[in-house]
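Given next are the chains, with one letter for each unit.
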Amino acid sequence: GTMGDLLMHKPVFDTCLQSNGTYDFSSIFRYVKDIVSGLDYAIANLETTFGGDDYPYQGNPAFNCPDALIDSVVDTGYDMLLTANNHAGDTMASGITRTVEIIRGKGLTALGSQLNADEPKYAVVDVNGIKIGMVCYTWAYSSNGTSFSLNGLTPIKDEGQMNYFLNNDPGKLYTASEQILEQMKADGAEATMMFIHWGVEYNIKENSLQDTMAQKLCDLGFDVIVGGHPHVVQPVDLLTSTVDESHKTVVIYSLGNAVSNQRRDLMTLNTGHTEDGALFTVTFEKYADGGVYVADVNVMPTWVNLHSVDEKQEYNIVPLEDARRTEWQNLYGLDAAALANAVASYDRTMNIVGPGLEQCRSYYAQEKQARETPVVPTEEAA
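In this report, the structure presented in the accompanying data block is examined. (Residues numbered from 1 in each chain as written. Predicted model: local features only at pLDDT ≥ 70, side-chain atom pairs only at ≥ 80, totals over all residues. Heavy atoms only, no water.)

**Some thoughts on the overall build of the protein**
Okay, step 1: The helix and strand inventory of the protein stands at nine helices and 18 strands.
Okay, step 2: Expected size for 382 residues packed as a compact globule is a radius of gyration near 21 Å; at 21 Å, the protein falls within 12% of this value.
Okay, step 3: Projecting the C-alpha coordinates of the protein onto the three principal axes gives extents of approximately 85 × 55 × 35 Å.
Okay, step 4: If you take every contact in the protein between residues at least 6 apart in sequence, the share linking residues at least 24 apart comes to 70%.
Okay, step 5: Here the protein has roughly 16300 Å² of accessible surface; of this, 48% comes from carbon and sulfur atoms. (Helix = DSSP H or I, 4+ residues; strand = E, 2+ residues; numbered from the N terminus. Rg over C-alpha atoms; globule rule 2.2 N^0.38 Å. Contact = heavy atoms within 4.5 Å. Areas by Shrake-Rupley, 256 points an atom, 1.4 Å probe, with all protein chains shown as cover.)

**Brief notes about unusual backbone geometry**
Okay, step 1: The omega torsion of the bond from Asn-60 to Pro-61 falls at 0°, within 30 degrees of zero and hence cis.
Okay, step 2: Relative to the helices and strands, Pro-61 resides in the loop between strand 2 (43–47) and helix 4 (69–76).
Okay, step 3: One non-glycine residue, His-231, adopts positive backbone phi at about 65°.
Okay, step 4: The topology assignment puts His-231 in the loop between strand 12 (224–228) and strand 13 (233–240).

**Quick word on the sheet that holds strand 8 (residues 147–149)**
Okay, step 1: Reading across from one edge, 7-8-9 is the order of the three strands in this open sheet, with antiparallel pairing throughout. Taken across any chain shown, the strands that pair with only one partner, and hence form the sheet edges, are strand 7 (142–143) and strand 9 (156–157).
Okay, step 2: Pairing between strand 8 and strand 9: two bridges, direction antiparallel. Residue pairing across strands places Phe-148 opposite Ile-156, the latter belonging to strand 9. (Pairing = 2+ DSSP bridges.)

**Some remarks on the nonpolar core**
Okay, step 1: Ranked by internal contacts, the top residues of the largest apolar core, which has 46 residues, are Met-134, Phe-280 and Phe-284.
Okay, step 2: A total of six residues in this core trace back to one element, the largest contributor, which is helix 9 (residues 336–372).
Okay, step 3: Counting residues in hydrophobic clusters, the runner-up holds 34 residues, among them Val-12, Cys-16, Ala-44 and Val-259. (Core = buried A, V, L, I, M, F, W, Y, C linked by side-chain atoms within 4.5 Å. Buried < 20%, exposed > 50% of the residue type's maximum accessible area, 1.4 Å probe, protein only.)

**Quick look at the side chain of Asn-257**
Okay, step 1: In this structure, Asn-257 sits in strand 15 (residues 257–259).
Okay, step 2: A distance of 2.9 Å separates a polar atom in the side chain of Asn-257 from a polar atom in the side chain of His-231.
Okay, step 3: A polar contact of 3.4 Å, which involves the side chain of Asn-257, links it to the side chain of Ser-260.
Okay, step 4: Beyond its immediate chain neighbours, meaning those up to four positions away, Asn-257 contacts Asp-5, Leu-7, His-231, Gln-262, Thr-274, Asp-276, Gly-277 and Thr-302. (Polar contact = N/O pair within 3.5 Å; in protein donor to acceptor, adjacent residues only side chain to side chain.)

**Considerations on the pattern of salt bridges**
Okay, step 1: Enumeration over the complete set of coordinates arrives at 18 salt bridges.
Okay, step 2: In this structure, Lys-286 and Glu-190 form a salt bridge, with 2.7 Å as the shortest nitrogen-oxygen distance. Highlighted residues: Lys-286 in strand 16 (residues 276–286) and Glu-190 in the loop between helix 6 (171–186) and strand 11 (191–197), separated in sequence by 96 residues.
Okay, step 3: Residue class for Glu-190 comes out partly exposed when judged on its relative accessible area of 28%.
Okay, step 4: Residue Lys-368 is joined to Glu-285 by a salt bridge in which the shortest nitrogen-to-oxygen separation is 2.7 Å. (Salt bridge = Lys/Arg side-chain N within 4 Å of Asp/Glu carboxyl O.)

**With respect to the pairing of strand 17 (residues 292–309)**
Okay, step 1: Of the strand pairs in this sheet, strand 16 and strand 17 are connected by eleven bridges, and their pairing is antiparallel. When the bridges of strand 17 are listed, Thr-283 appears paired with Asp-296.
Okay, step 2: Linkage of strand 16 to strand 17, two consecutive antiparallel strands, is achieved through a turn of five residues, within which Gly-290 is found at a positive phi near 95°.
Okay, step 3: Sheet topology note: the strand 17/strand 18 (residues 312–319) ladder contains eight bridges and is antiparallel. Bridge pairing in strand 18 links Ser-308 to Gln-313.
Okay, step 4: Hairpin connection from strand 17 to strand 18: two residues lie between these consecutive antiparallel strands, with Asp-310 at a positive phi of about 50°.

**Let's talk about the packing of aromatic side chains**
Okay, step 1: Inspection of every chain in the model, using the stated rule, returns nine aromatic pairs.
Okay, step 2: Plain terms: the ring middles of Tyr-23 and Phe-25 are 6.0 Å apart, the flat faces sit at 20° to each other, and that makes the pair stacked.
Okay, step 3: You can call Phe-25 buried: its relative accessible area is 0%.
Okay, step 4: With centroids separated by 5.3 Å and ring planes inclined at 65°, the aromatic side chains of Tyr-31 and Tyr-332 adopt a geometry described as edge-to-face. Here Tyr-31 is found in the loop between helix 2 (26–29) and helix 3 (33–38), whereas its partner Tyr-332 is found in the loop between helix 8 (328–331) and helix 9, with 301 residues between them in sequence. An identical accessibility class is assigned to Tyr-31 and Tyr-332; each is buried.
Okay, step 5: One aromatic cluster in this structure is built from Phe-13, Tyr-23 and Phe-25.
Okay, step 6: The ring of Tyr-31 has Arg-30 lying over it, and the distance from NZ or CZ to the ring centre is 6.0 Å.
Okay, step 7: Here the guanidinium or amino end of Arg-371 rests over the ring plane of Tyr-293, the centre of that ring lying 4.2 Å away. (Phe/Tyr/Trp six-rings, centres within 6.5 Å; stacked < 30°, edge-to-face > 60°. Lys NZ or Arg CZ within 6 Å of the ring centre and 35° of its normal.)

Scope: geometric values only; no functional claims are made or implied.
Spelled out as structure tokens, the structure:
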């Protein structure tokens with residue numbers, strides 16, 4: 001399962017500052033912990049850096065978050081953080097390295113950035129006996145071949161530390177992805193996922209470049225594409241390979257924000273979409289003959305509730321599980337206004353992902369039934 005952006009604005013982490021000067025981020029994840037820890041493998045996008053004390057702790061324009069966030073990420077049950085996005089270089093080359101080290105130091109996988117060019121640009125993870133090859137890329141602001149800038153900040157010398165592409169030259173991404181797919185399969189990957197930072201901020205529909213890139217990644221053979229960057233949820237789709245008609249790829253174009261301070265009243269886009277996120281789950285199944293297939297996909301909407309608890313502000317990621325709708329108010333400490341906002345958030349997200357999700361689930365269910373239905377030889381009429 002993958003959640004959206006941990007977009008760590010200063011107002012968000014300021015609420016986690018304790019009276020003794022340390023940070024405790026557990027309040028953010030309090031209500032998603034059961035769900036995240038219940039997943040076989042849990043992922044989120046780290047939209048900040050662990051740059052340490054050499055840089056100010058802040059949000060825009062150069063994100064840097066206190067290290068204590070990683071403790072709550074571990075405690076919540078995440079297994080991997082995506083570390084290739086347009087803010088991943090905000091504390092420069094040292095911050096890229098340090099972020100990877102902090103994540104690995106807690107036993108988690110950082111995907112999308114490496115300590116150096118010699119490290120693999122991907123991970124093959126074993127989830128309940130199924131090996132899934134995963135790779136993560138972000139668009140970059142600029143690159144001249146020897147240095148790159150992810151966010152219009154000072155260029156960083158390119159040591160192969162960051163998996164990035166340029167919007168005006170996606171061909172390099174395809175070439176790299178093709179090689180990575182081969183390497184992942186050589187390392188035992190039985191299914192493949194691409195996590196990609198792309199698109200246009202605050203658009204609730206993907207743009208034509210995302211469509212083009214997704215189709216190309218489908219043609220290359222990826223099974224699943226999970227997008228981010230727009231800070232709003234974007235649609236789900238089922239793509240058919242133009243190279244091999246039997247190959248399909250499920251794509252969610254953007255997961256939105258898992259947590260942020262992009263509150264409706266602070267945004268020019270005064271619609272609430274920036275308060276919404278999605279937990280996107282993919283179920284893989286392995287058969288006796290060794291075949292691995294996508295068996296199901298699903299979306300659980302999430303919403304960020306900003307409220308006061310004992311005169312202290314909190315940002316809670318609230319999981320909007322439809323089956324527990326009658327319990328939301330009690331489970332998550334919502335007043336009447338917050339409950340109305342949660343319901344509105346659920347509806348916004350499902351309106352965006354619903355049609356494509358239904359198409360995907362129906363296709364995967366049919367395929368699963370076909371695989372599991374024994375072929376009975378027909379007797380010829382004597």
